[in-house]
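Survey of secondary and tertiary structure
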Amino acid sequence: MPPCATHLSRLAEELVIWSSAQFRFVTLSDRFSTGSSIMPQKKNPDAAELIRAKVGRITGALVALLMVMKGLPLAYSKDMQEDKEQVFDAADHLMLALAAMEGMLRDLTANRAVLAASAAAGFSTATDLADWLVRAAGLPFREAHHVTGALVRLAEETGRDLPDLTLAEMQAAHPAITAEIFGVLGVENSVASRQSYGGTAPLRVREQVARWKERLE
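Residues numbered from 1 in each chain as written. Predicted model: local features only at pLDDT ≥ 70, side-chain atom pairs only at ≥ 80, totals over all residues. Heavy atoms only, no water.

The tally for this structure, following the rule as stated, stands at 1 aromatic pair. Ring geometry for Phe23 versus Phe25: centroids 5.3 Å apart, planes at 90 degrees, classification edge-to-face. By relative accessible area, Phe23 is classed as partly exposed at 35%. You can call Phe25 buried: its relative accessible area is 12%. (Phe/Tyr/Trp six-rings, centres within 6.5 Å; stacked < 30°, edge-to-face > 60°. Buried < 20%, exposed > 50% of the residue type's maximum accessible area, 1.4 Å probe, protein only.)

When its volume is computed, the largest pocket comes out at roughly 350 Å³. Looking at the largest pocket, it is lined by 16 residues, and the ones nearest its centre are Ser19, Ser20, Ala21, Lys42 and Lys43. Of all the elements in the fold, those that place two or more residues in the lining of the largest pocket are strand E1 (26-27) and strand E3 (43-44). Of the residues in the lining of the largest pocket, the class split is 5 nonpolar, 7 polar and 4 charged. Lining the second largest pocket are Ala110, Arg112, Leu115, Ala116, Ala119, Val187, Glu188 and Val191. Only helix H4 (112-120) and helix H8 (187-193) provide two or more residues apiece to the lining of the second largest pocket. Among the elements that take part in the lining of the second largest pocket, H4 stands out by supplying 4 residues, more than any other. Of the residues contributing to the lining of the second largest pocket, the split by class is 6 nonpolar, no polar and 2 charged. (1 Å grid on protein atoms, 1.4 Å probe; cavity = no way out; pocket = protein on both sides within 12 Å on 5 of 7 lines; lining within 4 Å. Points joined across faces, edges and corners; volume = space filled by probe spheres on them. Helix = DSSP H or I, 4+ residues; strand = E, 2+ residues; numbered from the N terminus. Nonpolar A, V, L, I, M, F, W, Y, C, P; charged D, E, K, R; others polar.)

Okay, the nonpolar core next. If you look at the biggest cluster of nonpolar residues, it comprises 19 residues, and the most contacted ones within it are Leu8, Ala48, Ile51, Met101 and Met104. Elements that contribute at least two residues to this core include exactly helix H1 (2-18), helix H2 (46-69) and helix H3 (83-107). For Ile51, the contacting residues outside a window of four places in its chain are Leu8, Ala12, Ala97, Ala100, Met101 and Met104. Grouped together as the second largest cluster of nonpolar side chains are 18 residues, Ala126, Trp132, Val152 and Leu185 included. (Core = buried A, V, L, I, M, F, W, Y, C linked by side-chain atoms within 4.5 Å. Contact = heavy atoms within 4.5 Å.)

Turning our eyes to something else, we now look at unusual backbone geometry. Non-glycine residue Arg24 carries a positive phi angle of around 55 degrees. Of note, Arg24 is situated in the loop between H1 and E1. Residue classification places Arg24 among the partly exposed positions, given a relative accessible area of 48%. Residue Phe123 is not a glycine yet carries a positive backbone phi of 55 degrees. Tracing the backbone through its elements, the reader meets Phe123 in the loop between H4 and helix H5 (126-135). By relative accessible area, which is 19% here, Phe123 ends up buried.

Here you go:
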């Protein structure tokens, strides 16, 4: 139970961050959030925060049970009747947390435009450029890293992103670059280019979704 609860806590923390005014990645439904008692514009991610807190109780039950067991010989002792309260309490709260998380995820709305803008920020596909230079142009990664850094610097200085650079500007950094480079630059191209098993390409993701649906059903 504690490992499951820990994963729930981490996901709950993501939802708290993602739904904050600073990120706005997702919007939680009113069923799983409430208005602030003092700030009328604020929506509190109550269910996510309570799930995060429940994990302290569940992990505490594990610690209490371990303390009961730590001094016992390898046989049954009356001390072990103390395990029931801890186990049943932890199970009850874990089931409650799972139900709340399932509801939150079912009802939340992903703010696609904000997510897309954030995913593209900070030259997030620079590694794809370096990987392409190694894979397609045959450069050692050390040199590819240097070339990529020069192109990122050019993009920063001119207020552009990597996909907005011209082929001529890229070739000025290294003549081995061809127009094929644009096939891996940009968030969508970057995601789609990861075609290995378990990769981020939509086809690979759909495969994993189908696999886990089959296993869980």
